[in-house]
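Inside the fold
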Amino acid sequence: MAFMEWRRFTFFDLNKSIDSGKISEALKGSQITTSSSGHNNLVFGDAEGFVHLANRSFDVSTFRAHDGKVNCVHHIQHSSFLVTVGEDEGGNSILRVWDTEKKDKQGSPSSLRSHRLQPGGRGATVTALAVHQNQLVAVGHSDGTILLQRGDVGRERATKQVVLRDSSDSISGLAFRITARAMFLFVATTAGSFLYNITTKDKEFKQNLDSLGCERNCCVATDCIPECNFIIGRTDAVYCYTPEGRGPCYAIEGKKKLLQISRTYLVVVAEDRKPGGGEENSITRLAKLSLFLGISDYIFYSLTLTVLDLQNKFLVYTAPVREVQAVLSEWGYFLVLTEGNNLLALAEKDVQSKLSMLFKKNLYDVAIRIAKSQQYDAEGLSDIFRQYGDHLYSKGDHSGAIEQYIKTIDTLEPSYIIRKFLDSQLIEYLTTYLQALHKYGLAGEDHTTLLINCYSKLNRTDKLREFVLTKDRDLDFDVDTAIKVCRQVSSADALTLALKHRRHDWYVKIQLEDKQEYKKVLEYISELPFHDAEANMKKYGPLLLKEAPQETTDFLKKLCSNYKPKGEPLIDPREFDGSRLEENRANPEEFIHLFLENPDMLIQFLEHSIQVDPHESNLVYNTLVEQYLQVWEAGDMEEKRQLGQKVIMLLQNPDANYDRAQTLILCQLHHFSDGLLYLYEDSKMYQHMMRYYASSRDYEGLLACCRKFGGQEPTLWVQALNACSKDSGAPAHVLSEILLVIEKDRLLPPLLVIDALASSSATLGDVRSYLLGVLKGEEEMTKQEQALIEKYSAETRAIRQQINAIETSNVIFRANLCNACNQHLEMPSIHFLCQHSFHQHCFQSCSESDHECPVCLPNNKKIMDIIKSQEQSRSLHESFHSQLERAQDGFSLVADYFGRGLFNNPVTTATSPGVIQKKIIESAKDNIASEARLRLMEGSSGNFICFKKYANKYF
């Protein structure tokens, strides 16, 4: 039989004559078919229907339980009830319950009930029986049928029966598993294993465990091992199961004949095939066994009996045996019924014998495990630890030895260990032991002195400081070093020392790191002077905020106000003397970094700071805005509403000293639209507002922005048009209103509007009203221009006729009145071709020139100035380009310069007085024609090309 590499021991003794042959004598000639034990009885059932009961003295009493073969027996533990299942004369299965303590008239156990089993078809025999605490009975049959009875086992009428049939394979084993919440029935068949959940009556359901089963008597149940509730033995191994499924398995080869379990010991009886011509060692071993059992014939097949300790993973006994009929567990023995009804007993060695055997082999670690599993007392365990330590000490493993000696502190005299480690090379191990001795509070004065000497030799000052601290005298050593050393041993002593010498930093540090007394620390700091309190809060503020956020924040508020230590009067007596006292107020900026992990407390702190001093620094306001926005972004709707109002109120506060650029970036990062739009508006960044509305596709907001600020910045409407043209989802009414304003205020030429909308998804219906309005306006303008052209043409013809008449015919002067004094003309008088006449003295008094009519002179001078201005502006190309770059309406500027003759060829300015009227007429004619041409060009795409050189880059 092969087995995994577990340690092998012999913890059981074999007794072949425990019953002095009584069982063999009583069962002589009986064919044992089933067995059980319980309530200080061994129970055997035979093929003739008899049941044999053996008591503690192995006295056997026999009674007939059935007319035919006894198939199964089960003696309920801690109860006098015995359940048997056998056959009657007709071959039917009968279940009977007996009370072994009550006798009938013949001296046999009294029968409590008898129940005929008819679960399946004819010919099915009972192969398995399980009983649990007088309340549950399960009977398995060869055809796979299971009969489950609930109720009092001893009362027939109190039981209810359920038939379970989910398999046609013979039932080889049954076992109940009862927990606080559920009841299970484990089932093993020859072809598989499964369980039923029988917690609820009439609602039993099946759960498969494995596809492999076992033979009869090769399965057992136990409650002592959590991972093994049901154990099945198969040829290759022993498998464990729980209600959750398969557990561990143990590789024991050989065909299993029988399994039994008691506590954590599992008995496995399996076949070992040994051929007659095998090795000499096998023959010798079998021959010895034969002589031991009194068997003289040669055996070709032997059985191996193995006992496993499943808890400690030991193989605690193994031996070859002949045929085994039964293995029972009672009275602390494993009782083996072999061929010929001989009874062998496996008695477990007492703990001391096991330990002695292990000590001889120096297996102290195994001895410790065995002692703990046997609930060994503390003194016994301490003795094992001492022996283990002595063994390790003798081998030179001083570290392992001292570890074992430490475990003996409660029971072993310390001097026993101290003497072993007094050597200077082993002083470090002695120090370890003495430390443990102090830790358990069992060290005396001598032990303390020795420990201090050890630390001194090892250059360790911590225990020396502890010793000094316990003396009632002033310390004559470095206080900081003493605190540091004492802290390693006793933080309370270190606190006492720090408090005594006013080492505030040490006191706070120890309270925080060792005691976690955060509120006490805050109370202590509140009693310190301003500079000490400020320094400690800067150093330990993050930890205090993490553990006591509200209390720490409240204290920082006081520290950043007019701070006064706790216990001092609110009014300093020096104030009555008129002395000006310095205000103790910390800078809030220096504490902002402490709140990195607690934004809510930081908001409280900063709000208090700006309430105390509204003119706080830029950093305080910026940080407050940032924290508002961070909490706003992660909050729910109500928090967002409240925090949003706070942010807007802060931004609108004229005393708020925040950085607008940084705040604008923060609003963008956290997508806080209200603050972003407020800052845009307040900074007159209307273009940015438009871009924000366009990017968020808020066209109602876009329209509102254009309506509100379009008067200050008309290009907003053009920008709105571009935004709508790029978005196919822009509402039609928005586009219509934008086009209406552009048309009304003439913000953009129609061609550019059409060009902008050409690449958009706008339909003709969306711009129909705009196009109709533009065309109607152009039509009206064309009519007006045409009327002006006709008017100017008529005037031009009249002037030409007048010029022609002056040049070719005589001029008759018919004026009778002086145009200066309105009196009748008298000689000498002066007449002009323009039909104005003057007295000579009137002309000399009002005329600026001898060659010009005083009446026509202002108008002629004005026209001449216009002509000169046009001629001068023809060479002002740089001025034209500069104005074109700055112009809002470049088209109008180009048209104006075109009308002023900038794009005409240079002409020679006539200065002759004789042609003044002719130049005036020609200039008027040119101006009329130019203006007419420009008017036509504004509505004509063909003539627009002549301005392309100057207008392309602007439009």
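Per an unreviewed UniProt entry, the chain is named Vacuolar protein sorting-associated protein 11 homolog, and its organism is Cloeon dipterum. UniProt's Sequence similarities (unreviewed entry) comment on the chain is quoted here verbatim: "Belongs to the VPS11 family."

Re the overall build of the chain
Regarding its fold elements, the chain presents 33 helices and 31 strands. Of all 955 residues assigned to the chain, the portion counted as buried reaches 45%. When the accessible area of the chain is evaluated, it comes to approximately 50,700 Å², of which 48% is carbon and sulfur surface.

Examining the environment of asparagine 657
Mapped onto the elements of the fold, asparagine 657 is located in the loop between α19 (637–652) and α20 (660–669). Separated by 40 residues in the primary sequence, asparagine 657 and serine 617 place their C-alpha atoms 6.6 Å from one another. Not counting residues within four places of it along the chain, the set of residues in contact with asparagine 657 comprises Glu616, Ser617, Asn618 and Tyr621.

So, the sheet that holds strand β2 (residues 12–15)
The strand order β2-β29-β28-β27 describes an open sheet built from four strands, whose pairing is antiparallel. Only two strands of the sheet have a single neighbouring strand rather than two, namely β2 and β27 (324–330). Recorded for the sheet is a direction-independent mean angle of 20° between the axes of neighbouring strands. With four bridges connecting them, β2 and strand β29 (residues 343–348) associate as antiparallel partners. Opposite phenylalanine 12, over in β29, you have glutamate 348 as the bridge partner.

Things to note about helix α21 (residues 673–682)
Those residues of α21 that fall on the buried side of the exposure criterion are Gly675, Leu676, Leu677, Tyr678, Leu679 and Tyr680. Of the residues flanking the end of α21, it is lysine 684, one or two places downstream, whose phi is positive at about 60°.

What to know about the pattern of salt bridges
Counted by the stated rule, this structure contains 23 salt bridges. Measuring nitrogen to oxygen at the nearest pair gives 3.0 Å for the salt bridge that ties arginine 386 to aspartate 390. Residue arginine 386 and its partner aspartate 390 are both found in helix α5 (residues 378–395); the two are separated by four residues, about one turn of the helix. Classification of arginine 386 by relative accessible area gives partly exposed; the value is 22%. A salt bridge links lysine 519 to glutamate 551; the nearest nitrogen and oxygen atoms lie 3.7 Å apart. With lysine 519 in helix α14 (residues 518–526) and glutamate 551 in helix α16 (residues 549–559), the pair connects residues that are 32 residues apart, well separated along the chain. Shared partners join several salt bridges into a network, and the residues in it are Asp383, Arg386, Asp390 and Lys420.

Overview of the sheet that holds strand β10 (residues 109–117)
What the four strands build is an open sheet, ordered β7-β8-β9-β10; its pairing is antiparallel. In the strand order of this sheet, the two ends are held by β7 (70–75) and β10, each with one partner. Neighbour-to-neighbour, the strand axes of this sheet turn through a mean angle of 20°, independent of strand direction.

Describing the packing of aromatic side chains
Scanning the model with the defined rule gives 21 aromatic pairs in all. Relative to phenylalanine 314, the ring of phenylalanine 9 lies with its centre 5.3 Å away and its plane at 80°, an arrangement referred to as edge-to-face. Of the two residues, phenylalanine 9 is situated in the loop between β1 (7–8) and β2 and phenylalanine 314 in strand β26 (residues 314–321); the sequence distance between them amounts to 305 residues. With respect to burial, phenylalanine 9 and phenylalanine 314 carry one shared label: buried. With a centroid separation of 5.6 Å and an interplanar angle of 85°, the aromatic rings of phenylalanine 194 and tyrosine 196 are classed as edge-to-face. With a relative accessible area of 5%, phenylalanine 194 lands in the buried category. An aromatic cluster of at least three residues, connected via ring pairs, comprises Tyr393, Tyr405, Tyr416, Phe421 and Tyr429. Positioned over the ring face of phenylalanine 50 is arginine 64, at 4.2 Å from the centre of the ring.

Quick notes on the pairing of strand β11 (residues 126–132)
As a general feature of sheets, a regular strand has side chains that alternate between the two faces. Taking burial as the measure, the seven residues of β11 include six buried ones, the bulk of the element. Here β11 runs beside strand β12 (residues 136–141); their pairing, made up of six bridges, is antiparallel. Of the residues in β12, the one forming a bridge with valine 131 is valine 137. Taking the residues that link successive antiparallel strands as the turn, the β11-β12 hairpin has three residues, and the phi of glutamine 133 there is positive, at about 45°.

Comments concerning unusual backbone geometry
Cis geometry is adopted by the peptide bond preceding proline 828, which originates at methionine 827 and carries an omega value of -5°. Note that proline 828 resides in the loop between α27 (764–808) and β30 (829–831). Positive phi outside glycine occurs at lysine 313, with the angle close to 60°. Examined against the element boundaries, lysine 313 turns out to sit in the loop between β25 (301–309) and β26. Classification of lysine 313 as partly exposed rests on a relative accessible area of 32%. With a phi close to 55°, glutamine 516 is a non-glycine residue in the positive phi region. Tracing the sequence through the fold places glutamine 516 in the loop between α13 (504–515) and α14.

Points about α20
Considered for burial, the residues of α20 that qualify are Thr663, Leu664, Leu666 and Cys667. Projected onto a plane normal to the axis of α20, the buried residues spread over an arc of 160° and lie on a single side. Tucked into the core, α20 has its buried residues touching α18 (618–634), α19 and α21. Its side-chain oxygen placed 2.9 Å from the backbone nitrogen of alanine 661, aspartate 659 serves as the N-cap of α20. The first or second residue beyond α20 is histidine 671, which carries a positive phi of 55°.

Remarks on the pairing of strand β3 (residues 32–38)
Where burial is concerned, most of β3 is hidden: five out of the seven residues are buried. Once β3 ends, the chain turns through two residues before running back antiparallel as strand β4 (residues 41–46), passing histidine 39 with a positive phi of about 55°.

Description of the UniProt feature "domain: RING-type" (unreviewed entry) in the chain
According to UniProt, the "domain: RING-type" (unreviewed entry) feature falls on residues 818–856. Helix makes up 18% of residues 818–856 and strand 15%, with an end-to-end C-alpha separation of 14 Å.

Concerning the confidence of the model for the chain
In low-pLDDT segments, the atomic positions of the prediction should not be examined closely. Summarising the model, the chain shows a mean pLDDT of 78, and 81% of its residues fall at 70 or more. Here residues 295–301 is modelled with pLDDT under 50, and outside its nearest four sequence neighbours on either side it reaches 14 contacts, counting other chains as well. Contacts for the low-pLDDT stretch residues 471–478, under 50 throughout, to residues beyond four places or in other chains number ten contacts.

Thoughts on the nonpolar core
Ranked by size, the top nonpolar core spans 89 residues in total, and within it Ile525, Met537, Leu544, Leu559, Phe591, Leu721 and Ile738 carry the most contacts. Contacts of leucine 544, omitting those with residues within four sequence positions, involve Leu512, Tyr518, Val521, Leu522, Ile525, Met537, Pro549 and Thr552. Among the nonpolar cores identified, the runner-up in size contains 56 residues, and Phe9, Tyr364, Tyr433 and Cys454 belong to it.

Quick word on the packing of helix α23 (residues 699–709) against helix α24 (residues 715–726)
Remark: α23 packs on α24, axes separated minimally by 9 Å, with the N-to-C direction vectors making an angle of 165°. Here α23 lies roughly antiparallel to α24, going by the angle between them. Two packed elements cross with a definite hand, and for α23 against α24 that hand is left-handed. Along the contact surface, α23 presents Tyr699, Leu702, Leu703, Cys705, Cys706, Arg707 and Phe709, while α24 presents Leu716, Trp717, Ala720, Ala723 and Cys724. Residues of the contact of α23 with α24, tallied by class, amount to eleven nonpolar, no polar and one charged.

A look at the packing of α14 against helix α15 (residues 530–547)
Relative orientation of the contacting elements α14 and α15 amounts to 160°, with a least axis distance of 11 Å. By the criterion of interaxial angle, the relationship of α14 to α15 is roughly antiparallel. As for the relative orientation of α14 and α15, their crossing is left-handed in sense. Note on element contacts: α15 touches α14 through Ala533, Asn536, Met537, Leu543, Leu544 and Glu547, opposite Tyr518, Val521, Leu522 and Ile525. In terms of residue class, the contact of α14 with α15 is built from eight nonpolar, one polar and one charged.

Some words on the side chain of threonine 408
Inspection of the secondary structure puts threonine 408 in the loop between α6 (398–406) and α7 (414–420). The residues touching threonine 408, leaving out its near neighbours within four places in the chain, are Ser382, Phe385, Arg386 and Ile417.

Scoring rules and cut-offs
- Residues numbered from 1 in each chain as written.
- Predicted model: local features only at pLDDT ≥ 70, side-chain atom pairs only at ≥ 80, totals over all residues.
- Heavy atoms only, no water.
- UniProt positions renumbered as here; feature names shortened; annotations may be inferred.
- Helix = DSSP H or I, 4+ residues; strand = E, 2+ residues; numbered from the N terminus.
- Buried < 20%, exposed > 50% of the residue type's maximum accessible area, 1.4 Å probe, protein only.
- Areas by Shrake-Rupley, 256 points an atom, 1.4 Å probe, with all protein chains shown as cover.
- Contact = heavy atoms within 4.5 Å.
- Pairing = 2+ DSSP bridges.
- Axes fitted to C-alpha atoms, helices over the stretch in contact; angles between N-to-C directions.
- Salt bridge = Lys/Arg side-chain N within 4 Å of Asp/Glu carboxyl O.
- Phe/Tyr/Trp six-rings, centres within 6.5 Å; stacked < 30°, edge-to-face > 60°.
- Lys NZ or Arg CZ within 6 Å of the ring centre and 35° of its normal.
- Arc of directions from axis to C-beta.
- Polar contact = N/O pair within 3.5 Å; in protein donor to acceptor, adjacent residues only side chain to side chain.
- pLDDT = per-residue confidence, 0-100.
- Core = buried A, V, L, I, M, F, W, Y, C linked by side-chain atoms within 4.5 Å.
- Parallel < 35°, antiparallel > 145°, perpendicular 65-115°, else oblique.
- Left-handed = near helix turned anticlockwise from the far one by under 90°.
- Nonpolar A, V, L, I, M, F, W, Y, C, P; charged D, E, K, R; others polar.

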